[in-house]
Amino acid sequence: MAVHQRDRDGLARYAALVEGESRRCGHRLYEAFAHRAWGVLHRLEGELDPSEARLQRAISTFQRMGTRWQLGRTYAELAETTLARPDPSAAKVHFERALALFEEMGAVPNAANARQALADLG
Amino acid sequence: LGVEPSEQTRSLFAQLVRGDRPAVATAAPSGGRATTEGARVTARQAIEAEGAVESRTTMPIVDWLRSGRSPLVGRDRELARAKTLWQHARDGEGKVLVISGEPGIGKSRLTQEVMTWVSANGGRVLLGECHAEGSAPYAPLAQILGQVFAGDGRATARRLHLSSLILADAVKLAPSLRSILGDLPPNAALEPESELFRLYEAVALICAAVSRETPTLWVVEDVHWADSGTLGVVRHLARRARPGVPGAGLRLLMVLTHRDAETALAQMPEAVLSDFASERLAETLPLNRLSSEQTAELVAGWLGPKVSPDLVASIHFQAEGNPFFTEEICKAITAEPDQQQTSMGRMNIPHSVRSMVLARVERLPKPVQETLRWAALLGREFDSDTLSAVSGMDEGALTEVLELAGRAQLVSEVREPAMGGDGLRFAFTHALIPLALVESLGTLRQRRWHRRAAETVERLRPDDVEALAYHYVRAADRTKAIAYAHRAAKKAESLYAYDEAIRHLDTAAALLSSEHPAGLRLGLLEERADIHWLRYDWAAALESYRAALELCSSSTEEDESVRVRLNRKMLEMAADWSAASIRARKGDAAGVARPARAALMSWHGRESAAAALLAEKIRVLIALARDALFTRLPPDWQAGADYAWTAVELAESSGATDVLPVALHTLAQAQAANSEFRAAVETATHQLALARMEGDRNPRALLNGLLDAGVAHLNVGEFEEALVHLDSAVGLSTRIHDIAAYRYGLTRKAFCLLLLDRWEPLLELEAPLEDLRRRFPAARTGAVCFGLAFCGSARAWRGEKQHAADLRQDAYDIMVELHGPPELWDQGHHY
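The present account deals with the structure reproduced in this document. (Residues numbered from 1 in each chain as written. Chains lettered and ligands numbered in written order. Predicted model: local features only at pLDDT ≥ 70, side-chain atom pairs only at ≥ 80, totals over all residues. Heavy atoms only, no water.)

Looking only at helices and strands, one finds 41 helices and 8 strands in chain B. Per-residue burial for chain B yields a buried fraction of 55% across its 831 residues. For chain B, the share of sequence-separated contacts (at least 6 apart) that also reach a separation of at least 24 residues comes to 68%. (Helix = DSSP H or I, 4+ residues; strand = E, 2+ residues; numbered from the N terminus. Buried < 20%, exposed > 50% of the residue type's maximum accessible area, 1.4 Å probe, protein only. Contact = heavy atoms within 4.5 Å.)

Scanning chain A for helices and strands turns up 7 helices and 0 strands. In terms of C-alpha radius of gyration, chain A reaches 14 Å, essentially the compact-globule figure of 14 Å for 122 residues. Across its three principal axes, chain A shows a C-alpha extent of roughly 45 × 30 × 20 Å. Residue burial in chain A is summarised as follows: out of 122 residues, 48% are buried. Put simply, 49% of the contacts in chain A that link residues at least 6 apart link residues at least 24 apart. (Rg over C-alpha atoms; globule rule 2.2 N^0.38 Å.)

Let us look at the sheet that holds strand β1 (residues 95-101) of chain B. Residue and element names in this part refer to chain B. Strand order in the open sheet formed by 5 strands is β2-β3-β4-β1-β5, with parallel pairing between adjacent strands. Of all strands in the sheet, those with a lone pairing partner are β2 (124-129) and β5 (282-286), marking the two edges. Strand after strand, the sheet turns through a mean of 20 degrees between neighbouring axes, direction not considered. Across 6 bridges, the pairing between β2 and strand β3 (residues 216-221) is parallel. Bridged to glycine 128 within β3 is valine 220. (Pairing = 2+ DSSP bridges. Axes fitted to C-alpha atoms, helices over the stretch in contact; angles between N-to-C directions.)

This part is about the sheet that holds strand β7 (residues 411-413) of chain B. Residue and element names in this part refer to chain B. Here we have 3 strands laid out as an open sheet, ordered β6-β8-β7, and antiparallel in their pairing. The outermost strands of the open sheet, each flanked by one partner alone, are β6 (381-383) and β7. Recorded for the sheet is a direction-independent mean angle of 30 degrees between the axes of neighbouring strands. The sheet contact formed by β7 and strand β8 (residues 425-428) spans 3 bridges and is antiparallel. Note that in β8 the partner of valine 411 across the bridge is phenylalanine 428.

Between chain A and chain B, the residue contacts involve 20 residues of the former and 18 residues of the latter. Across the chain A/chain B interface, buried area totals approximately 1,400 Å², and carbon plus sulfur atoms make up 57% of it. Where chain A touches chain B, the interface holds 0 salt bridges. The tally of links from chain A across to chain B stands at 6 residue pairs in polar contact (both at pLDDT 80 or more). Every element with two or more residues in the side of chain A that touches chain B is listed here: α2 (8-25), α3 (28-44), α5 (68-84) and α7 (108-121) of chain A. Tallied by class, residues from the side of chain A that touches chain B come to 9 nonpolar, 7 polar and 4 charged. (Buried area = accessible area lost by both parts, 1.4 Å probe. Salt bridge = Lys/Arg side-chain N within 4 Å of Asp/Glu carboxyl O. Polar contact = N/O pair within 3.5 Å; in protein donor to acceptor, adjacent residues only side chain to side chain. Nonpolar A, V, L, I, M, F, W, Y, C, P; charged D, E, K, R; others polar.)

Now for the nonpolar core. Residue and element names in this part refer to chain B. One finds Tyr138, Phe149, Leu177, Ile206, Trp218, Leu237 and Phe276 to be the most contacted residues of the largest nonpolar core, which totals 160 residues. Per element, the largest residue contribution to this core is 12 residues, and it comes from helix α10 (residues 192-213). Discounting residues that sit within four places of it in the chain, phenylalanine 276 has contacts with Val96, Val234, Arg235, Ala238, Leu256, Leu281 and Ala282. Among the nonpolar cores identified, the runner-up in size contains 50 residues, and Val353, Ala375, Val411 and Phe428 belong to it. (Core = buried A, V, L, I, M, F, W, Y, C linked by side-chain atoms within 4.5 Å.)

Attention now moves to the pairing of β1 of chain B. All names here are of chain B. With respect to burial, β1 is a largely interior element, 6 of its 7 residues being buried. Examined bridge by bridge, β1 and strand β4 (residues 252-259) share 7 bridges and lie parallel to one another. By the bridge assignment for β4, leucine 97 is matched with valine 255. Bridge count between β1 and β5: 5 bridges; the pairing is parallel. Residue pairing across strands places serine 100 opposite proline 286, the latter belonging to β5.

Another point: a nonpolar patch on the surface. Residue and element names in this part refer to chain A. On the surface, Tyr14, Leu17 and Val18 cluster together into a nonpolar patch covering about 270 Å² of accessible area. Topologically, tyrosine 14 is positioned in helix α2. Take tyrosine 14: its relative accessible area is 44%, and that puts it in the partly exposed class. (Patch = residues over 30% accessible without salt bridge, like charges linked within 9 Å, V, L, I, M, F, W, Y side chains within 5 Å. Areas by Shrake-Rupley, 256 points an atom, 1.4 Å probe, with all protein chains shown as cover.)

Below, the discussion takes up the packing of helix α25 (residues 518-534) of chain B against helix α27 (residues 557-579) of chain B. Residues and elements named next belong to chain B. For the pair α25 and α27, interaxial distance at closest approach is 11 Å and the crossing angle is 15 degrees. Considering the angle they form, α25 stands roughly parallel to α27. Considering the relative orientation of α25 and α27, their crossing is left-handed. Contacts from Leu522, Glu526, Asp530 and Trp533 in α25 reach Val562, Arg565, Leu566, Lys569, Glu572, Met573 and Asp576 in α27. Residues of the contact of α25 with α27, tallied by class, amount to 5 nonpolar, no polar and 6 charged. (Parallel < 35°, antiparallel > 145°, perpendicular 65-115°, else oblique. Left-handed = near helix turned anticlockwise from the far one by under 90°.)

Each pair of packed helices can be described by the angle between their axes along with the distance between the axes. All names here are of chain B. Helix α11 (residues 228-240) packs onto α10 with a crossing angle of 50 degrees between their chain directions and a minimal axis gap of 9 Å. In terms of orientation, α10 and α11 fall into the oblique class. Relative to α11, the crossing made by α10 is right-handed. Contacts between α10 and α11 involve Tyr200, Glu201, Val203, Ala204, Leu205 and Cys207 on the former and, on the latter, Ser228, Gly229, Gly232, Val233, His236, Leu237 and Arg240. Grouping the amino acids of the contact of α10 with α11 by side-chain chemistry returns 7 nonpolar, 4 polar and 2 charged.

Take unusual backbone geometry next. The linkage connecting arginine 85 of chain A with the following residue, proline 86 of chain A, adopts the cis geometry, with an omega of 5 degrees. Tracing the backbone shows proline 86 of chain A in the loop between α5 and α6 (88-105). Following leucine 633 of chain B, the chain continues into proline 634 of chain B via a peptide bond in cis, with omega recorded as -5 degrees. Mapped onto the secondary structure, proline 634 of chain B falls in the loop between α30 (614-631) and α31 (637-654). The phi torsion at arginine 6 of chain A lies on the positive side, around 55 degrees, for a residue other than glycine. One can find arginine 6 of chain A in the loop between α1 (2-5) and α2. Relative accessible area serves as the criterion here: at 34%, arginine 6 of chain A is assigned to the partly exposed category.

In this section: the packing of aromatic side chains. Throughout the structure, instances matching the rule amount to 14 aromatic pairs over all chains. Summarising the aromatic geometry, the rings of phenylalanine 197 of chain B and tyrosine 200 of chain B are spaced 6.4 Å apart at their centres and angled 70 degrees between planes, so their arrangement reads as edge-to-face. Of this pair, phenylalanine 197 of chain B and tyrosine 200 of chain B both sit in helix α10, separated by 3 residues, roughly a single helical turn. We note that phenylalanine 197 of chain B, like tyrosine 200 of chain B, is buried. Between phenylalanine 751 of chain B and phenylalanine 790 of chain B the ring centres are 5.0 Å apart and the planes differ by 20 degrees, which places this aromatic pair in the stacked class. In this pair, phenylalanine 751 of chain B sits in helix α36 (residues 739-755) while phenylalanine 790 of chain B sits in helix α40 (residues 784-797), placing the two residues 39 residues apart along the sequence. The buried category is assigned to phenylalanine 751 of chain B, whose relative accessible area is 18%. The ring of tryptophan 69 of chain A carries arginine 73 of chain A above its face, with NZ or CZ at 4.6 Å from the centroid. (Phe/Tyr/Trp six-rings, centres within 6.5 Å; stacked < 30°, edge-to-face > 60°. Lys NZ or Arg CZ within 6 Å of the ring centre and 35° of its normal.)

Here we come to helix α4 (residues 48-65) of chain A. With 18 residues, α4 of chain A extends 26 Å from end C-alpha to end C-alpha; this agrees with the ideal 26 Å at 1.5 Å per step. Within α4 of chain A the residues assigned to the buried category are Leu48, Ser51, Arg54, Leu55, Ala58, Ile59, Thr61, Phe62 and Met65 of chain A. Relative to the axis of α4 of chain A, the buried residues are bounded by an arc of 165 degrees and lie together on one face. Pointing more than 90 degrees away from the buried face of α4 of chain A are the exposed residues Asp49 and Arg64 of chain A. The inward-facing, buried residues of α4 of chain A abut α2, α3 and α5 of chain A together with α35 (719-735) of chain B. Positioned one or two residues after α4 of chain A, glycine 66 of chain A has a phi angle of 75 degrees, which is positive. (Expected span 1.5 Å × (residues − 1). Arc of directions from axis to C-beta.)

The following block contains the structure:
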């Protein structure tokens with residue numbers, strides 16, 4: 001929810017908690033959530049390299065687990081990070097990957113957002 | 001036929017129903033009265049002459065007419081409504097119709113009319129009757145199941161494709177079916193609540209199969225006397241019969257007759273009727289008293305069309321529009337010699353129903369009167385063998401007596417197949433008749449007669465513990481009454497008829513005096529508390545446990561072990577209570593636990609504890625663990641884990657295989673609570689391995705092991721492993737009809753699928769979750785709301801906004817129903 005709402009305080013509070021607990025018990029999915037949360041927080045703080053690193057780690061886990069919607073959402077976040085550099089061509093690639101996954105899943109609202117983002121990129 | 005009967009036809013009908021034989025078979029225009037006069041003399045002679053009995057088989061039409069008694073008057077609207085509901089039921093829109101009213105208002109009469117009409121229109125009719133006097137739990141359902149499987153029961157079961165699982169539960173409800181269906185292996189033992197639901201589902205599945213074959217009318221008469229087990233099944237069926245319930249297809253109309261404002265004799269179906277109203281499961285048809293015009297029509301049916309208006313007015317005044325009272329007055333009038341039928345003033349007509357019934361009985365020969373009083377003592381329904389034995393009358397004489405009583409419309413044969421036992425069954429034609437007969441016996445005579453009845457039943461049907469308790473209580477034989485009431489309580493408990501079990505325990509306890517050992521009272525109180533616990537009635541359970549504790553205050557070893565056991569039970573109950581409560585309401589359970597915890601911790605630390613029975617010691621440790629996890633505010637996770645570990649070690653070292661699975665389950669819970677999720681996986685895996693060794697011998701342990709292992713893997717994000725176990729658990733719970741485990745497994749599986757982004761298989765669970773929600777009460781399927789919320793999330797993420805909103809509303813409604821408004825919910829609930 002904090003990721004969705006771009007809530008910096010919430011992200012700061014919960015990302016560390018989730019990461020700690022998930023590492024303790026080896027919960028890979030929740031650890032990936034934590035990486036994505038950190039990735040968004042770093043971007044909001046203007047720290048783009050750590051943001052990209054965290055998001056790539058999340059992507060790696062979601063790919064292994066086959067959780068396509070989570071993967072799509074993380075590609076969309078990665079696209080935002082690369083756009084912030086600014087690197088619109090890389091962002092376009094990530095948005096396209098996200099769109100493909102959303103369309104595969106039937107995630108209509110997410111797909112619409114990804115299409116709009118691509119349209120905005122021209 | 002669609003035409004109104006002529007005057008001659010009405011008159012002939014009245015004669016036949018009265019049991020008169022028409023003197024001549026002519027159709028004189030005004031022949032009604034003359035024929036009636038002549039026929040009345042003939043009828044009086046027939047009734048008074050012993051041995052002059054017409055064989056039932058030569059007058060089938062009279063029997064049919066007699067079964068309908070007088071014409072149905074003043075119920076056109078109600079009958080039309082019943083017929084409309086029947087049409088809906090035939091189309092798959094099942095419903096419950098409650099016909100209610102005061103005694104004698106004509107509920108059974110209207111029901112008979114509906115039954116006749118349904119039969120004539122191709123429907124199947126199944127009838128069960130509830131009685132006020134000592135009946136076994138589910139007795140009306142046993143009657144109905146007996147009718148379903150009448151004849152070649154096994155062929156019926158094959159034709160209806162009923163599995164042995166379903167038949168085994170049917171036999172549990174109706175043991176007399178064993179003689180028809182043969183020996184069936186008993187079903188796997190489940191948690192009590194799951195077994196209860198499985199029993200209900202068995203009846204529902206039988207009903208579904210029957211109604212698929214033929215639209216079915218289910219009648220349960222006098223439901224105000226129904227036991228809690230019967231009421232539970234009725235409610236379950238009503239939910240199943242609702243249109244829109246997936247896989248229901250019940251072409252079923254259930255008609256229940258209910259007496260308003262019943263006396264203390266009646267059971268309490270009000271909660272069930274309230275559920276019906278709030279869930280819109282039932283329609284109620286209250287029957288009103290007859291108007292003066294309707295009374296005139298009814299009187300004409302009995303006394304002929306030319307009865308004077310003054311007489312009708314007198315009858316209406318005295319009977320106050322009550323049809324039964326009206327009919328009794330008419331019957332009394334027809335027995336009056338040479339009366340002018342203009343006014344009741346010159347007739348010797350009794351002024352109360354009781355007096356009228358007695359007056360009718362007293363017109364019969366003395367031997368008949370005495371036999372009928374014996375029959376009344378046995379109950380509204382009785383069998384000829386028992387009546388013969390208790391009255392001392394041989395079979396031949398009894399046959400004549402019952403035929404005479406039948407012609408006098410006091411009793412009728414119960415037309416259901418004999419299952420086990422050779423005696424035919426009879427019933428008084430109205431519940432008020434046996435009441436009046438019994439009341440006419442003096443108290444001392446009633447006691448003597450009840451004793452004789454009890455001794456007879458003891459000889460003929462020693463397992464009929466409900467009847468034995470009933471008679472010995474009224475015979476004022478405390479010792480036997482207590483013993484049989486206790487056995488009746490155990491039997492009711494084994495069938496999950498908890499209200500009846502409590503009632504029998506209370507009967508036994510009320511009979512105890514200071515001469516009885518305190519241990520007996522204590523035992524009854526403890527059993528009472530245990531049953532209240534099973535019903536989730538925490539306050540009532542606590543009251544009984546505390547009362548039991550007060551009785552073991554000495555320092556003997558025996559009293560100490562009882563105190564430990566009672567305190568352990570209170571602590572466990574408090575943990576269940578707390579686990580079922582939201583945070584805002586956990587204080588009550590915590591308050592209960594405090595003294596019990598203190599007592600057990602004190603005992604646990606003493607030397608005597610080391611010597612105590614090992615199993616009890618392990619159970620105390622498990623109770624202390626659960627107390628630490630679920631009851632203490634704030635929870636003490638570490639203490640819970642420590643107690644649970646000690647319990648496991650003790651159980652393993654002593655080979656206490658019966659308590660080891662529970663100890664492991666508690667340990668896994670404690671580890672998860674302590675965020676030791678990996679350790680919980682190991683514990684659950686160990687638990688599952690032990691359960692697999694027992695295999696088919698203990699499916700319940702296997703089910704619990706699969707669920708615990710599934711949840712443990714889920715908690716560490718090992719979803720594929722979790723799904724393997726949860727799929728097995730859902731499959732096994734379906735096979736053994738464990739509804740509670742099925743619900744839990746389904747919800748956890750939904751969570752796995754949600755987290756794995758497997759939306760298609762997740763949404764396939766939406767239908768079974770909704771089905772559970774519709775079929776079972778919210779209090780027992782609360783966790784379903786999480787499953788529905790998960791489905792709602794997936795719908796939302798697919799852009800199906802309205803569908804998502806509907807599911808989330810369903811989930812919200814369930815939560816509010818269970819826990820109140822959102823401000824009272826625990827944090828986790830808000831997900």
